[in-house]
Protein chains: 2
Amino acid sequence: MKTPEQLLSIVEKTLGEIAYPVVPPGLYEPISYTLQGGGKRIRPVLALMCYNAFCQDVEKVLPAALAIEIYHNHTLLHDDLMDHAEVRRSRPTVHVKWDANTAILSGDTMLIMACRFMQQTDAVRKSEMMDLFIRTMDEICQGQQYDMNFENRADVTETEYIEMIRLKTSVLLGCAAKMGALCANASETDAQALYDFAMNVGLAFQLRDDYLDVYGDPEVFGKAIGGDIRCGKKTFLLIRALGKMNDEGRARMLQTLHNANLDPDEKVNAIRAIYDELSIDKECQEAIEAFYNKAKENLEQTSLSAEAKDYLWSFAQTLLNRQK
Amino acid sequence: MKTPEQLLSIVEKTLGEIAYPVVPPGLYEPISYTLQGGGKRIRPVLALMCYNAFCQDVEKVLPAALAIEIYHNHTLLHDDLMDHAEVRRSRPTVHVKWDANTAILSGDTMLIMACRFMQQTDAVRKSEMMDLFIRTMDEICQGQQYDMNFENRADVTETEYIEMIRLKTSVLLGCAAKMGALCANASETDAQALYDFAMNVGLAFQLRDDYLDVYGDPEVFGKAIGGDIRCGKKTFLLIRALGKMNDEGRARMLQTLHNANLDPDEKVNAIRAIYDELSIDKECQEAIEAFYNKAKENLEQTSLSAEAKDYLWSFAQTLLNRQK
């Protein structure tokens, strides 16, 4: 089996070799810019690994793996526009470097391009792969809508939050893993177990994101701690804390969170003090651990060799052990 | 063969029966709103007619026909956002009734929905149909980009303009017609001839749009004459007129067109007077006629019965003879 690093270099090489039409001017430059922006390429590497766990000729799953990566970058492009985010991977976002209309149209074109790559798949279960891809893209739109709706709601439950991050981020990891399995013509049981494995890794990964924002080592984390608190974002930590408080405590906490006159650093400290008092840090770690264990169980359920399981589990661990 | 009216009612009924998920709130309402907004449903009806010219069971091509209509409405939704258009089919556009972010995300979801409908096709040549659909969607994005680029260019040639409208609007008509043929497993020659037929009808249709804007009967046209002149839009008439003038005349005409101090009605009269003097009205009619004749030739090249040819030609004529 090829190492994640070897597969990453195959992904980067293939992405770098995409031949973009030169006309009309302005349509494909933002797409090339976005796809050349780096990133960890977790999804295509995962698709290649899951394929490689069954079969040798990893090139076969490349079109599907790239389709997923292209679609992922499409969502980043349109989400950044919707969020008015100005920087992505240390570079100006497309709507800043070009303009909003360019971001809309190039983003649409990327979505179509993703479908074209998926359609280039040469595998007996191609139709099933396309079905999975389309269902996943639809779920991701639902996740984004939930995320937008939650901004205006004070009563988001933990279950709702988990479902939102599942749809917005984890199903694409599940899709990538299952895509590799389907392309390798694995059994339905194996394909579904790998989907669940990657989805649970994704959930753990996302909760860890919430955790690191407050409890990460600022030196290693690479950005200021407490960004989510500063912008009043609903996270697992916040929702769990609110759920453990009485009405009065809840009101006071929300007041602190949305107090525009409070110094941002003081706000972060005040909110973190509440988290500490309620042991939210420990509980968040436990929730991460629970998804982590589910993912491990899912992997155990597959018919893969011990070696192949180790191979996939190591990758999951590198994702989950990241400090930034 | 079913009449266009019968096929239209099948399309409307099927569109009306689409079951939208009820959650997340806000994602599917704009899609339902857009798809229930009426319109002539030219593209799905054309797909059904082209299928019906070969086969009886028109239900078979319905998923593909709806995919095309849904995609078409996706482009209207995103184009209206990019153009800041406030009204579509006498109702507020999605970004006005909701907001820009809703228009972006619901529009993306419609594109994915279109792919899902196409993927539901049950036909031996399904993969070829999906290829055609994806290629066409890509071409339409190119057409939209050309259209946007042309706004900032004073030197757009007639050839470039025709290519822009071909990509932006005519290829989807071609795609609809060919989709019907492919679904009916028609010969490649017939499928391509029907594509060219509908594409040329589309080009004639689009030039007629340019013509009616200046020379339509205001009573029948349903809106004020000269809208394109008022907003300084590049049309076939304008590009043809500019091409027939010397540098001095061209400069004077563009000055008139972009003179913000000139009364709009006077501007329309002044520009129309130039068109009249240069016989642009007659030349535009001839250009329409030329595409119309090409379409007729394309239809003749098919192996269809005289009856089936008449059937499709009558539909093309109703499109081209419209006065609004």
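Residues numbered from 1 in each chain as written. Chains lettered and ligands numbered in written order. Predicted model: local features only at pLDDT ≥ 70, side-chain atom pairs only at ≥ 80, totals over all residues. Heavy atoms only, no water.

S.K.: Lay out the confidence of the model for chain A in plain terms, naming residues and giving numbers.
M.R.: Of the residues in chain A, 99% reach a pLDDT of 70 or more, and the chain-wide mean stands at 96. Listed scores for the predicted complex are pTM 0.97 and ipTM 0.96. (pLDDT = per-residue confidence, 0-100.)

S.K.: Explain the packing of helix 15 (residues 280-300) of chain B against helix 16 (residues 306-320) of chain B residue by residue, including any values.
M.R.: Residue and element names in this part refer to chain B. Following both chains from N to C, one finds helix 15 and helix 16 inclined at 165°, their axes separated by 10 Å at the closest point. In terms of axis orientation, helix 15 runs roughly antiparallel to helix 16. Viewed along their axes, helix 15 and helix 16 form a crossing whose handedness is right-handed. Seen from helix 15, the contacting residues are Tyr292, Ala295, Lys296, Leu299 and Glu300; seen from helix 16, they are Lys309, Leu312, Trp313, Gln317 and Leu320. Residues belonging to the contact of helix 15 with helix 16 are distributed by class as follows: 6 nonpolar, 1 polar and 3 charged. (Axes fitted to C-alpha atoms, helices over the stretch in contact; angles between N-to-C directions. Helix = DSSP H or I, 4+ residues; strand = E, 2+ residues; numbered from the N terminus. Parallel < 35°, antiparallel > 145°, perpendicular 65-115°, else oblique. Left-handed = near helix turned anticlockwise from the far one by under 90°. Contact = heavy atoms within 4.5 Å. Nonpolar A, V, L, I, M, F, W, Y, C, P; charged D, E, K, R; others polar.)

S.K.: Please give an account of the interface of chain A and chain B that cites residues and values.
M.R.: Opposite the 36 residues of chain A that make contact, chain B presents 36 residues. For the pair chain A and chain B, the two sides together bury roughly 3,300 Å², of which 65% comes from carbon and sulfur. Counting every contact that joins chain A to chain B gives 2 salt bridges. One salt bridge connects Asp138 of chain B with Arg116 of chain A, and the closest N-O pair in it is separated by 3.2 Å. Linking chain A with chain B are 20 residue pairs in polar contact (both at pLDDT 80 or more), by the criterion used here. Only helix 4 (62-83), helix 6 (100-119) and helix 7 (126-151) of chain A provide two or more residues apiece to the side of chain A that touches chain B. Per element, the largest residue contribution to the side of chain A that touches chain B is 14 residues, and it comes from helix 7 of chain A. Split into classes, the residues belonging to the side of chain A that touches chain B amount to 19 nonpolar, 12 polar and 5 charged. (Buried area = accessible area lost by both parts, 1.4 Å probe. Salt bridge = Lys/Arg side-chain N within 4 Å of Asp/Glu carboxyl O. Polar contact = N/O pair within 3.5 Å; in protein donor to acceptor, adjacent residues only side chain to side chain.)

S.K.: Tell me what's going on with the state of the cysteines, and back it up with residues and numbers.
M.R.: For the coordinates displayed, the defined rule picks out 0 disulfides over all chains. Here Cys141 of chain B is not cross-linked by a disulfide; its sulfur's nearest cysteine counterpart is in Cys115 of chain A, at 11 Å. Cys183 of chain B takes part in no disulfide bond, and the closest cysteine sulfur to it belongs to Cys55 of chain B, at a distance of 7.9 Å. You can call Cys183 of chain B buried: its relative accessible area is 4%. (Disulfide = S-S within 2.5 Å. Buried < 20%, exposed > 50% of the residue type's maximum accessible area, 1.4 Å probe, protein only.)

S.K.: Describe the environment of Ala65 of chain A, with residues and values.
M.R.: Residue and element names in this part refer to chain A. Inspection of the secondary structure puts Ala65 in helix 4. Take Ala65: its relative accessible area is 0%, and that puts it in the buried class. Through-space distance from the C-alpha of Ala65 to that of Leu207 is 25 Å; in sequence the pair is 142 residues apart. Beyond its immediate sequence surroundings of up to four residues, Ala65 is in contact with Pro44, Ala47 and Leu48.

S.K.: So what's going on with the packing of aromatic side chains? Which residues, and what values?
M.R.: Residue and element names in this part refer to chain B. Counting across every chain of the model gives 12 aromatic pairs over all chains. Ring plane angle 80° and centroid distance 5.3 Å describe the contact between Tyr33 and Trp98, whose orientation is recorded as edge-to-face. Residue Tyr33 is located in helix 2 (residues 29-35), and its partner Trp98 is located in the loop between helix 5 (94-97) and helix 6 (100-119); the two are separated by 65 residues in the primary sequence. Given the relative accessible area of 14%, Tyr33 is considered buried. When the ring of Tyr146 is compared with that of Phe150, the centres are 5.9 Å apart and the planes differ by 50°; the resulting orientation is tilted. Of this pair, Tyr146 and Phe150 both sit in helix 7 (residues 126-151), 4 residues apart, which is roughly one turn of that helix. Residue Tyr146 shares its accessibility class with Phe150, and that shared class is buried. (Phe/Tyr/Trp six-rings, centres within 6.5 Å; stacked < 30°, edge-to-face > 60°.)

S.K.: Please give an account of the pattern of salt bridges that cites residues and values.
M.R.: Residue and element names in this part refer to chain A. Under the definition given, this model contains 40 salt bridges over all chains. With its nearest N and O atoms 2.7 Å apart, the salt bridge here joins Lys168 to Asp147. Residue Lys168 is located in helix 8 (residues 158-183), and its partner Asp147 is located in helix 7; the two are separated by 21 residues in the primary sequence. Classification of Asp147 as buried rests on a relative accessible area of 18%. Several salt bridges converge on common partners, so that one network encompasses Arg125, Glu128, Lys178 and Glu188.

S.K.: Please set out unusual backbone geometry residue by residue, giving values where relevant.
M.R.: The peptide bond linking Val23 of chain A to Pro24 of chain A adopts the cis configuration, its omega dihedral lying at -5°. Looking at the secondary structure, you find Pro24 of chain A in the loop between helix 1 (4-16) and helix 2 (29-35). Positioned with a positive phi, Ser279 of chain A is a non-glycine residue whose angle comes to about 60°. For Ser279 of chain A, a relative accessible area of 31% puts it in the partly exposed group. Look at Arg89 of chain B: it is not a glycine, yet its phi comes out positive at around 50°.

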